[in-house]
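# Examining the three-dimensional arrangement
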Amino acid sequence: MNSELLPHGGDPMGAAIYDFHKNGAAGGRLVVHSSIFDDDEIPVEDLFRTFDRMPALEQAALRMAEGRVLDVGAGSGCHSLALRAMGKKPVAIDISPLSVAVMKEMGIDARLVNLYDENFAGQFDTILMLMNGSGIIGRLENMSDFFGRMKQILAPGGCVLMDSSDLRYLYEDEDGSFEIDLADEYYGLLDYQMEYVPSNSPVTVLGEPFDWLYVDFDTLAFYAEQNGFSAELVAEGEHYDYLAKLTLA
């Protein structure tokens, strides 16, 4: 599992966030490449959404967050800002230098650190992994490392609140059946590469390719049990997305 911080100049998400923060509007296009799907685009303004514009699953997670909260992969810090408005005290972490710089400018307790960095210590009552937070795990074979890390930084009685999506709908036939090749790699594993295309510069910011894991709840629950955790399905969204609560069994 890659535990390195992003190299200088390879921070497309951070570049998009930084431009929007400085200019009050999107200064370019944040493009997502994949070998599996056509290029997609993330609206940069969505990264700065306020609580009332967040999906219901995210709102539910933020309401449930208690005690000392760790906001993993915090990006622009929108979830940390919402938590702070509720009177809660989040710590935000991200591997994007520019994103962390923006969060610090907004007064968020933000750290430039990877979740798996052993030098990052602390006990957290709630660990938030939102915006398809399971993606940070990368691959199913990383599950044991992920749950091992959660054991290190969860306070007694603490929980992980994670949202994800079940991508089986991509394989749904007209009759409602699913055509998934069980001999192939897990259908929720995608490869991504992000690129920020500024509107005022011919030079784009291209990040390194990375794995991103969308995991169905049953599979998540299986790996949780294998690693000493229990998984609770807290809520389901409108399109195969869900919010899970993970606690030490």
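Here the structure is a predicted model, which is why all the values come from computation and not from measurement.

## Digging into the confidence of the model for the protein chain
Confidence in the prediction of the protein chain, expressed as mean pLDDT, is 91, and 92% of residues score 70 or more. Within the model, the stretch residues 1-8 combines pLDDT values under 50 with 14 contacts to residues more than four positions away or in other chains.

## Let's talk about the environment of Val91
Here Val91 shows up in strand 4 (residues 89-94). Classification of Val91 by relative accessible area gives buried; the value is 3%. For Val91 and Arg111, which are 20 residues apart along the polypeptide, the C-alpha to C-alpha distance reads 7.7 Å. With sequence-adjacent residues up to four places away left out, Val91 is seen in contact with Arg68, Val69, Leu70, Asp71, Asp109, Arg111 and Phe124.

## Describing empty space enclosed by the protein
Tallied over the entire structure, the rule returns one cavity of 30 Å³ or more. Taken together, Asp71, Val72, Gly73, Ala74, His79, Leu130 and Met131 form the lining of the largest cavity. Along the lines of polarity and charge, the residues of the lining of the largest cavity split into four nonpolar, two polar and one charged.

## Description of the packing of aromatic side chains
Two aromatic rings are characterised by how far apart their centres lie and by the angle between their planes. Here the structure, examined in full by the defined rule, presents nine aromatic pairs. Where Phe20 meets Phe48, the ring centres are 4.6 Å apart and the plane angle is 25°; that geometry is what we call stacked. Taken together, the positions of Phe20 in helix 1 (residues 12-23) and Phe48 in the loop between strand 2 (40-42) and helix 2 (56-64) put the pair 28 residues apart, joining distant regions of the chain. Across the pair, Phe48 and Phe20 agree in class, each one buried. Taking 6.0 Å as the distance between ring centres and 20° as the angle between the ring planes, the aromatic pair formed by Phe120 and Phe124 counts as stacked. Residue Phe120 shares its accessibility class with Phe124, and that shared class is buried.

## Side note on the side chain of Ser99
As for its position among the elements, Ser99 is in helix 4 (residues 97-105). When its relative accessible area of 1% is taken as the criterion, Ser99 is described as buried. Ignoring any residue separated from it by four or fewer positions in sequence, one finds Ser99 in contact with Asp11, Met13, Gly14, Ile17 and Gly75.

## Some thoughts on the pattern of salt bridges
Two side chains with opposite charge may pair up if their charged atoms get near one another. Throughout the structure, instances matching the rule amount to ten salt bridges. A salt bridge links Glu105 to Lys22; the shortest N-O distance between them is 3.3 Å. In this pair, Glu105 sits in helix 4 while Lys22 sits in helix 1, placing the two residues 83 residues apart along the sequence. The residue Arg49 makes a salt bridge to Glu58 at a minimum N-O spacing of 2.7 Å. Across this residue pair, the class does not change: Arg49 and Glu58 are buried. Overlapping salt bridges bring together Arg139, Glu141, Glu185 and Asp211 as one network.

## Focus: the nonpolar core
The nonpolar side chains of a soluble globular protein tend to be buried with one another. Counting residues in each nonpolar core, the largest one holds 50 residues, and the members touching the most others are Leu70, Ile127, Phe146, Met150, Leu220 and Leu246. Element by element, the count of residues in this core is highest for helix 5 (residues 143-153), at five residues. For Leu70, the residues in contact, after removing those within four places along its chain, are Val91, Ile93, Leu115, Phe120, Phe124, Thr126, Ile127, Leu128 and Ile153.

About the thresholds
Residues numbered from 1 in each chain as written. Predicted model: local features only at pLDDT ≥ 70, side-chain atom pairs only at ≥ 80, totals over all residues. Heavy atoms only, no water. pLDDT = per-residue confidence, 0-100. Contact = heavy atoms within 4.5 Å. Helix = DSSP H or I, 4+ residues; strand = E, 2+ residues; numbered from the N terminus. Buried < 20%, exposed > 50% of the residue type's maximum accessible area, 1.4 Å probe, protein only. 1 Å grid on protein atoms, 1.4 Å probe; cavity = no way out; pocket = protein on both sides within 12 Å on 5 of 7 lines; lining within 4 Å. Points joined across faces, edges and corners; volume = space filled by probe spheres on them. Nonpolar A, V, L, I, M, F, W, Y, C, P; charged D, E, K, R; others polar. Phe/Tyr/Trp six-rings, centres within 6.5 Å; stacked < 30°, edge-to-face > 60°. Salt bridge = Lys/Arg side-chain N within 4 Å of Asp/Glu carboxyl O. Core = buried A, V, L, I, M, F, W, Y, C linked by side-chain atoms within 4.5 Å.

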